[in-house]
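Observations on the three-dimensional arrangement
Each chain, written out:
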Amino acid sequence: MSFSSEIKGELCAVEFKRECCLRAECYGAWLFSRCFSRKENAFVTENGAVARRMLELAAAGAGVSGELTFGVSRRQKPAYRVSLPEESSRLAMLEEFGHTGQETSLRLNRANLENPCCAAGFLRGAFLTCGTATDPNKEYHLEFAVPYRNLANDLYTLLCEVDAFPLTPAVAARKGGYVVYVKESGPIEDLLTYLGAPGAAMELMQVKMYKEVKNNINRKTNFETANMDKTFSASARQVAAIAAISDTEGLESLPEELQELAKLRLDNPDMTLRELGQRLGITRSGVNHRLQRLLRMGEEIMEKRGISNML
Ligand SMILES: [Zn+2]
């Protein structure tokens, strides 16, 4: 199931508590459904819960009875078609919310959001018919697709006015229509909770936490790998230098305190300085100092013989 259908499933289970909010949700759902007009049109959805909720809203919120038939979605999947086949029902729906269907441009009629409580219901309805949210594993993005510019701007303004939490939506033109969208995870979480989908908001929060933990682990692993590489290349350089001494003058030529370390390093290229020191009973900086001497001697030999230490 997509993240959008999860959200919509949760929203469709929200109980109607107040008459005013039910009407507002009905208005939001039908206004953005593309069948809020005098002409016959249908709203097609693959989501059965959304289709049923629209009919319920039409009946309870506007006293209008719609029709549910079956069809095929744009993705060629079985879908539900919600429509108002009777012209009288279409007019009744328009009139209920103070529209005539003759307006040159479809706008949001604020008179239908009587009380401050109604904005949430209205936006829930709008999301049911024109909203989508991207899988948070991919991207934090929630949008409302609106066919008309003025209506998109009205929706944008309404979202900006939600005072329960700060929201910074944006509007963009897309494919002959408009989208009003929200990008960041925090505001999307707040908006989902506000609309009545706290479960989806929680899921988004968990995905975000999981991503953060994963990033931290990656960062740590990269850091450790980088450190390890440094140890290895330093050690490889020492081994090459010691090998050069061993192959030419022999390790026996070395002063006694260097001989033991040289052998130990040759046999244990991956030991840290601390570990080498523990073996020899000297400090880490003592080991470092001796290794520097071995390096200088070995690299001098390599230089004289024209061998470059590539490491
Ligand atoms: Zn209300």
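Since we're looking at a predicted model, the values are computed, not measured.

Here is what the cut-offs are and how they apply
- Residues numbered from 1 in each chain as written.
- Predicted model: local features only at pLDDT ≥ 70, side-chain atom pairs only at ≥ 80, totals over all residues.
- Heavy atoms only, no water.
- Helix = DSSP H or I, 4+ residues; strand = E, 2+ residues; numbered from the N terminus.
- Rg over C-alpha atoms; globule rule 2.2 N^0.38 Å.
- Buried < 20%, exposed > 50% of the residue type's maximum accessible area, 1.4 Å probe, protein only.
- Contact = heavy atoms within 4.5 Å.
- Areas by Shrake-Rupley, 256 points an atom, 1.4 Å probe, with all protein chains shown as cover.
- Pairing = 2+ DSSP bridges.
- Axes fitted to C-alpha atoms, helices over the stretch in contact; angles between N-to-C directions.
- Salt bridge = Lys/Arg side-chain N within 4 Å of Asp/Glu carboxyl O.
- Domains from an automatic or database assignment.
- Expected span 1.5 Å × (residues − 1).

1. Some remarks on the overall build of the chain
Per the secondary structure count, the chain includes eleven helices and seven strands. Rg of the C-alpha trace for the chain: 35 Å, well past the compact-globule value of 19 Å for 311 residues, more than 25% over. Its C-alpha atoms put the chain at 110 × 35 × 30 Å along the principal axes. Looking at the chain as a whole, 42% of its 311 residues qualify as buried. For the chain, contacts bridging at least 24 residues in sequence account for 67% of all contacts bridging at least 6. In the form shown here, the chain has an accessible surface area of approximately 17000 Å², with 50% of it arising from carbon and sulfur atoms.

2. Section: the sheet that holds strand β1 (residues 42-45)
Strand order across the open sheet formed by three strands is β1-β3-β2, with antiparallel pairing between neighbours. Edge positions in the sheet fall to β1 and β2 (67-72), since each has one partner strand and no second. Taken pair by pair, the neighbouring strands of this sheet meet at an average axis angle of 30 degrees, ignoring direction. Strand direction decides the pairing type here: β2 and strand β3 (residues 78-83), joined by six bridges, are antiparallel. Bridged to F70 within β3 is Y80. Strand contacts of helix α3 (residues 48-62): β1, β2 and β3, with the helix running at about 10 degrees to β3, the strand carrying the most contacts.

3. Regarding the pattern of salt bridges
Counted by the stated rule, this structure contains twelve salt bridges. Of the charged contacts in the structure, one is a salt bridge between R174 and E143, with a shortest N-O distance of 2.6 Å. Taken as a pair, R174 in strand β6 (residues 170-174) and E143 in strand β5 (residues 142-146) lie far apart in primary sequence, 31 residues in all. Residue R174 is classed as partly exposed on the basis of its relative accessible area, which comes to 40%. Take E143: its relative accessible area is 7%, and that puts it in the buried class.

4. So, the domain arrangement of the chain
Assigned domains of the chain: these are domain 1 (3-196) and domain 2 (227-304). Each of domain 1 and domain 2 has a C-alpha centre, and these two points are 73 Å apart.

5. As for the side chain of T45
Within the secondary structure, T45 is located in strand β1. Using a relative accessible area of 11% as the deciding quantity, one classes T45 as buried. Beyond its immediate chain neighbours, meaning those up to four positions away, T45 contacts V50, A51, A79 and Y80.

6. Things to note about the sheet that holds strand β7 (residues 177-182)
What the four strands build is an open sheet, ordered β4-β5-β7-β6; its pairing is antiparallel. Where the open sheet ends on each side, the last strands, each with one partner, are β4 (131-133) and β6. Ignoring which end each strand starts from, the neighbouring axes of this sheet average 25 degrees apart. The sheet contact formed by β5 and β7 spans five bridges and is antiparallel. Directly across from F144, in β7, lies its bridge partner V180. Against the sheet, helix α6 (residues 149-161) makes contact with β5, β6 and β7, and its axis sits at roughly 10 degrees relative to β7, the strand it touches most.

7. Regarding helix α11 (residues 284-304)
With 21 residues, α11 should cover 30 Å at 1.5 Å per step; its first-to-last C-alpha distance of 30 Å lies within 8% of that length. Of all the residues in α11, the buried ones are G286, V287, L291, L294, L295, G298, I301 and M302. The inward-facing, buried residues of α11 abut α8 (198-248), α9 (256-267) and α10 (273-280).

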